[in-house]
Amino acid sequence: MKKFFGILASAALGGMIALSVHYYIFTPVQGVKPGLPQTQVKYVNMPGGSAPVDFVSAAENTVHAVVHVKTTYKSEPMSSNGYDPFRDFFWGFPQHQGPQVSSGSGVIISADGYIVTNNHVVEKGDQIEVTLNDKRTFTAEVVGTDPSTDLALLKIKENNLPYLVYGNSDDVKIGEWVLAVGNPFNLTSTVTAGIVSAKGRNINILGASTGGPSPIESFIQTDAAVNPGNSGGALVSSSGQLIGINTAIASNTGSYSGYSFAVPVNIVKKVVNDLLEFGTVQRAFLGVSISDIDSKLAKEKEFSDLKGVYVGGVTEGGSAEEAGIKPGDVITKVGSIEVNNTSSLLEQIGKFRPNDKVVITVKRGSKEMNIPVVLKNKNGENKLVSKDSEDTIQLLGGLFEPVSKEEMNKLGLTNGLKVTSLDAGKLRSAGIKEGFIITSIDKKKISTKEDLKSALENKKGGVLIEGVYPNGMKAYYAFGI
């Protein structure tokens, strides 16, 4: 009998040991205390249905529509200040003598050879060479450029090319999976994957590089690895649709360190269509000074939330003023699209042309209202801008705006056009400074940009400009065309 109970005790002890071993070795750790019911483990798939996202099809379609862009340009000494925000992202091969060669990427958007890339990839190019994924090489011509969005449109003479279909960047969601396709470090057809980290990002890179008017920075931010040479390449959805043009990286070293930025495809479509139809980009302006709403501003203005974009002022005679938008209003929507920062507002307005009508939703105190607005061009007019007139303005290298009534009264003027910004061009070379008010050109009175263009139209030889500075000092300048 004692032997029997000994065997029974040994068996019980062995069973307990076996159960304990099984529990500690084979039971997954789920943070559940022993004795409490355990919840069922649920595995979360990536977007795309019951199975994880398959990028194979999207990658196969995209790599054939992404090209290598090689630009040859004359060697130029670096300026004394020397900083180019795109220098490290635009893969270059500097040479001490002779031409320099740099390269980037581009995206075929039509079967007959139209290619989108970044303006900074081709802006200094004397010769542009495009290499397809099948290794065929073509000389490309520049159809047009838009420094304010850092986009350029190229054309090669070839048909039946693979191309990417436009997606809708307004529908892109944070957390969505994307592919970046390009030619980093001259490695052709490189594909990386990541997610959309943010939308409407402004990283203050275009204003620093273009010196031009009102850059539109509302980038799609991703963590897909992008490096020098990816510039101008494709950002595509998991279904293979083009949703952006890769443009810049956030980096202290010049190489990828976590974030990259792409121009939204809806802006790309607008720029491409304008360049094809008009030869120049038709920018529409709302005519407001705006700022993001933070907690400090919300407290100061007694706003109930931080949504929308604050209108600090309106341009005299501009679209917003004429429509009835007032300083102190908060813009919450452009059409049906919500806007919660200045970048997204500029992006939405940037999709329209002068004379387009759009409904702007604003909050004025506790009241919300929908205000129809007819947009104007940068000259304050409800009409499209011709390429020839834009070429004249680019030759001068300046930005202009009408002189306010207060300033004209102060200076005793009856007419004038103010130089608000200067880039490389005839005006700067002649010695004109920002703030100068042009009153006449060759004795013709100047009040608008149209007057300016008319005075210089078909002009050959010397030009005499008369005007005055805001401090009352009169000045005269001459230059040749």
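Presented here is a report on the structure given in the accompanying data block. Source: prediction; values computed, not measured. (Residues numbered from 1 in each chain as written. Predicted model: local features only at pLDDT ≥ 70, side-chain atom pairs only at ≥ 80, totals over all residues. Heavy atoms only, no water.)

**Looking at the pairing of strand β24 (residues 462-468)**
Alright, step 1. Burial within β24 is extensive, with 5 of its 7 residues counted as buried.
Alright, step 2. In terms of strand pairing, strand β22 (residues 437-441) meets β24 through 4 bridges, oriented antiparallel. Looking across to β24, one finds that I441 is bridged to I465.
Alright, step 3. Bridge count between β24 and strand β25 (residues 474-480): 7 bridges; the pairing is antiparallel. Bridged to I465 within β25 is Y477. (Buried < 20%, exposed > 50% of the residue type's maximum accessible area, 1.4 Å probe, protein only. Helix = DSSP H or I, 4+ residues; strand = E, 2+ residues; numbered from the N terminus. Pairing = 2+ DSSP bridges.)

**Here's the deal with unusual backbone geometry**
Alright, step 1. Positive phi values are uncommon outside glycine, yet K135 reaches one of about 80 degrees.
Alright, step 2. Looking at the secondary structure, you find K135 in the loop between β5 (127-131) and β6 (137-146).
Alright, step 3. Given a relative accessible area of 70%, K135 falls into the exposed group.
Alright, step 4. Of note in the backbone geometry, K443 takes a positive phi value of approximately 75 degrees without being a glycine.
Alright, step 5. Position of K443 relative to the elements: it lies in the loop between β22 and β23 (444-445).

**A look at the sheet that holds strand β13 (residues 259-264)**
Alright, step 1. Spatially, 6 strands are ordered β8-β9-β10-β13-β12-β11 in a closed barrel, and the strand pairing comes out antiparallel. Pairwise comparison of adjacent strand axes, ignoring direction, gives a mean angle of 45 degrees for this sheet.
Alright, step 2. Note that strand β8 (residues 177-182) and strand β11 (residues 234-237) share 4 bridges and pair antiparallel. Opposite L179, over in β11, you have V236 as the bridge partner.
Alright, step 3. The sheet contacts of helix α5 (residues 265-278) involve β12 (242-250) and β13, and relative to β13 the element is tilted by about 45 degrees. (Axes fitted to C-alpha atoms, helices over the stretch in contact; angles between N-to-C directions. Contact = heavy atoms within 4.5 Å.)

**Some remarks on the pattern of salt bridges**
Alright, step 1. Summed over all chains, the structure comprises 14 salt bridges.
Alright, step 2. Here E277 ties to R353 by a salt bridge, and the two come within 3.3 Å at their closest N and O atoms. Pair noted here: E277 is in helix α5 and R353 is in the loop between α8 (342-349) and β18 (357-364), with a separation of 76 residues, a long-range link.
Alright, step 3. Across the pair K418 and E407 runs a salt bridge, and its minimum N-O distance is 2.8 Å. (Salt bridge = Lys/Arg side-chain N within 4 Å of Asp/Glu carboxyl O.)

**Examining the environment of E141**
Alright, step 1. Within the secondary structure, E141 is located in strand β6.
Alright, step 2. For the pair E141 and I156, spaced 15 residues apart in sequence, the C-alpha separation works out to 6.7 Å.
Alright, step 3. Excluding residues that lie within four positions of it along the chain, E141 makes contacts with L153, L154 and K155.

**Digging into the packing of aromatic side chains**
Alright, step 1. Following the criterion strictly, the structure yields 5 aromatic pairs and no others.
Alright, step 2. Pairing F55 with W177 gives two aromatic rings, centres 6.0 Å apart and planes at 55 degrees, and the pair type is tilted. Remark: W177 occurs in strand β8 and F55 occurs in the loop between α1 (2-26) and α2 (56-63); sequence separation between them is 122 residues.
Alright, step 3. F55 gets classed as buried once you look at its relative accessible area, which sits at 17%.
Alright, step 4. According to the relative accessible area criterion, W177 is partly exposed, its value standing at 25%.
Alright, step 5. Ring centres of F436 and Y469 lie 4.9 Å apart, and the angle between their planes is 55 degrees; on these two criteria the pair is classed as tilted. (Phe/Tyr/Trp six-rings, centres within 6.5 Å; stacked < 30°, edge-to-face > 60°.)

These figures come from the coordinates and say nothing about function on their own.
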